[in-house]
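The residues making up each chain are set out below.
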Amino acid sequence: MLEPTTIPVRRLPRYGFHTHTERLNGRVAMLGFIALLAVEIKLGHGLLVW
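One structure accompanies this document, and this report is about it. Model, not experiment: these values are computed from the prediction. Residue positions are given per chain, counted from 1 along the sequence in the order it is written. Local features in this predicted model are restricted to residues whose pLDDT is 70 or higher, and side-chain atom pairs enter the listing and the counts only when it is 80 or higher, whereas totals over whole chains, interfaces and linings include all residues. Heavy atoms throughout the structure, all of them, feed into the side-chain values; hydrogens and water do not.

**Considerations on the overall build of the chain**
Selection rule: Secondary structure elements are defined from DSSP: runs of H or I of at least 4 residues count as helices, runs of E of at least 2 residues count as strands, and each element is numbered from the N terminus. Radius of gyration here uses only the C-alpha atoms, and the compact-globule reference equals 2.2 Å multiplied by the residue count raised to the power 0.38. Burial classes follow relative accessibility: with a 1.4 Å probe on protein chains only, a residue under 20% of its type's maximum area counts as buried, one over 50% as exposed, and anything between as partly exposed. All accessible-area figures derive from a Shrake-Rupley calculation using a 1.4 Å probe, and residue coverage is judged against the displayed protein chains alone.
When you go through the chain residue by residue, the secondary structure sums to 1 helix and 0 strands. Relative to the globule expectation of 10 Å for 50 residues, the C-alpha radius of gyration of the chain, 22 Å, shows a markedly less compact shape. Expressed along its principal axes, the backbone C-alpha trace of the chain runs to roughly 75 × 15 × 15 Å. For the chain, buried positions account for 2% of its 50 residues. Per element, the accessible surface of the chain, about 5600 Å² overall, is 67% carbon and sulfur.

**A short note on helix H1 (residues 19-43)**
Selection criterion: Expected span of a helix, by definition, is 1.5 Å for each gap between consecutive residues, and there is one gap fewer than residues.
The terminal C-alpha atoms of H1, which comprises 25 residues, lie 36 Å apart, in line with the 36 Å expected from a rise of 1.5 Å per residue. Once H1 finishes, Gly-44 follows within two positions and takes phi at roughly 90°, a positive value.

Structure (C-alpha cells):
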C-alpha cells in the first residue's frame, strides 16, 4: 500500500471561534477592565453610578 505523498493543507474559515481570535479578545477585555479600574480610581467613584 502506498502512502500519500502530499499532506492536505487545512484552510481556516474566516468566521467563528479560533484560538488566536479568542486570545486577542481576552487580551483586549483585560486591557478594558484595567482601564475601567484606572478611571474609577482617578474619579474616586464608580463609572456606572445608579
